[in-house]
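A structural walkthrough
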Amino acid sequence: MWINQNGQLRQIADETRVKFRTSLSAALLEELKQLADEHGKFVNYLLEDGLKQLLLQETIGFTKDMRPKDRIQYKTTYDAELLERVRAIAKEHKLYINDVIEYSAQFIDAERAKRGQYRYRIE
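Keep in mind that this is a model prediction, so the values were computed, not measured.

Thresholds, definitions, all that
Residues numbered from 1 in each chain as written. Predicted model: local features only at pLDDT ≥ 70, side-chain atom pairs only at ≥ 80, totals over all residues. Heavy atoms only, no water. Core = buried A, V, L, I, M, F, W, Y, C linked by side-chain atoms within 4.5 Å. Buried < 20%, exposed > 50% of the residue type's maximum accessible area, 1.4 Å probe, protein only. Helix = DSSP H or I, 4+ residues; strand = E, 2+ residues; numbered from the N terminus. Contact = heavy atoms within 4.5 Å. Expected span 1.5 Å × (residues − 1). Arc of directions from axis to C-beta. Polar contact = N/O pair within 3.5 Å; in protein donor to acceptor, adjacent residues only side chain to side chain.

Some points on the nonpolar core
The tendency in soluble globular proteins is for nonpolar side chains to be buried side by side. Ranked by size, the top nonpolar core spans 30 residues in total, and within it L47, Y78, V100 and I101 carry the most contacts. Counting residues per element, the ones that place at least two in this core are β3 (17–25), α1 (26–39), α2 (43–56), β4 (71–79), α3 (80–92) and α4 (97–104). With six residues, α2 is the largest single contributor of residues to this core. Look past the residues within four positions of I101 in its chain and what remains in contact with it is F20, T22, L24, L47, L51 and Y78.

Below, the structure is given as structure tokens:
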């Protein structure tokens, strides 16, 4: 992100974002990459949108036998506050965070997610 300081732009790291590594379904990631390319978004912004919508739900209908067998490691950044809320809901439902992330993919609306240019915003 950029900040305007005394009429000059200076690039800084967005401290509200944290790095996070998880294991997600390779097929799901491929679908999300295609969706992100079609809409000019980043995969992590799509995942964040799904997570936000999931947190608005009252229950999670995920069972452990729904876990995909094609999981691969995926590293990205998330909003720190959102990730903490996801951790709490995963613990509450006795699930892993990657289970919650994969389940939230069904709630993604690409039009609602942040645009890819969001990371270049000026504050």
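Here the narrative resumes, following the displayed structure.
A short note on α3
Taking 1.5 Å of rise per residue, 13 residues should cover 18 Å, and α3 covers 18 Å from first to last C-alpha, within 8% of that figure. All buried positions along α3 are accounted for by L82, L83, V86, I89 and A90. Looking straight down α3, one finds that the buried residues subtend no more than 125 degrees of arc, so they occupy a single side. Of the exposed residues in α3, those oriented more than 90 degrees away from the buried face are E81, K91 and E92. Against β3, α2, β4 and α4 lie the buried residues of α3. The backbone nitrogen of E81 lies 3.3 Å from a side-chain oxygen of the residue at the head of α3, namely D79. K94 sits one or two residues past α3 and shows a positive phi near 60 degrees.

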